[in-house]
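Observations on the model geometry
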Amino acid sequence: MAFCGNVIELIEKQKVIEDGDFIEWTDLDKNLNINIFIEQNLLPELELKDQILIDVAIGEIKGVKIGMVFIK
């Protein structure tokens, strides 16, 4: 079994909005109650793909909340 992904930082939404280098991924199931932002400099690379699969998981390890994002 293989495992691959990036650990992401869970931060306040306002900090990402104020940064300005990110756009919100809006094609989400609204029942998930999460917001995902993608760095704008990644968009040209992602637009070249016919299909993009993005999966996100949020969990807790030793009392610390973390997130994982998988992009294929």
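Residues numbered from 1 in each chain as written. Predicted model: local features only at pLDDT ≥ 70, side-chain atom pairs only at ≥ 80, totals over all residues. Heavy atoms only, no water.

1. Overview of the overall build of the protein chain
- The secondary structure content of the protein chain amounts to two helices and five strands.
- The helix and strand sequence of the protein chain, counted from the amino end, reads β-α-β-β-α-β-β.
- Expressed as a percentage of its 72 residues, the buried residues of the protein chain come to 11%.
- Taking all contacts inside the protein chain whose residues are at least 6 apart in sequence as the whole, residues at least 24 apart take part in 30%.
- Split by element, the accessible area of the protein chain, about 6,400 Å² in all, is 51% carbon and sulfur. (Helix = DSSP H or I, 4+ residues; strand = E, 2+ residues; numbered from the N terminus. Buried < 20%, exposed > 50% of the residue type's maximum accessible area, 1.4 Å probe, protein only. Contact = heavy atoms within 4.5 Å. Areas by Shrake-Rupley, 256 points an atom, 1.4 Å probe, with all protein chains shown as cover.)

2. Points about the environment of Ile52
- Relative to the helices and strands, Ile52 resides in the loop between helix H2 (43-47) and strand E4 (54-61).
- A sequence separation of 20 residues divides Ile52 from Lys72, and the C-alpha atoms of the two residues are 5.8 Å apart.
- Among all residues touching Ile52, those that are not within four sequence positions of it are Leu46, Ile71 and Lys72.

3. Some thoughts on the pairing of strand E5 (residues 64-71)
- Pairing of E4 with E5 involves eight bridges; the strand directions are antiparallel. Among the inter-strand pairings, Asp55 is bridged to a residue of E5, identified as Phe70.
- Counting the residues between successive antiparallel strands, the hairpin from E4 to E5 contains two residues, one of them, Lys62, with a positive phi of roughly 50 degrees. (Pairing = 2+ DSSP bridges.)

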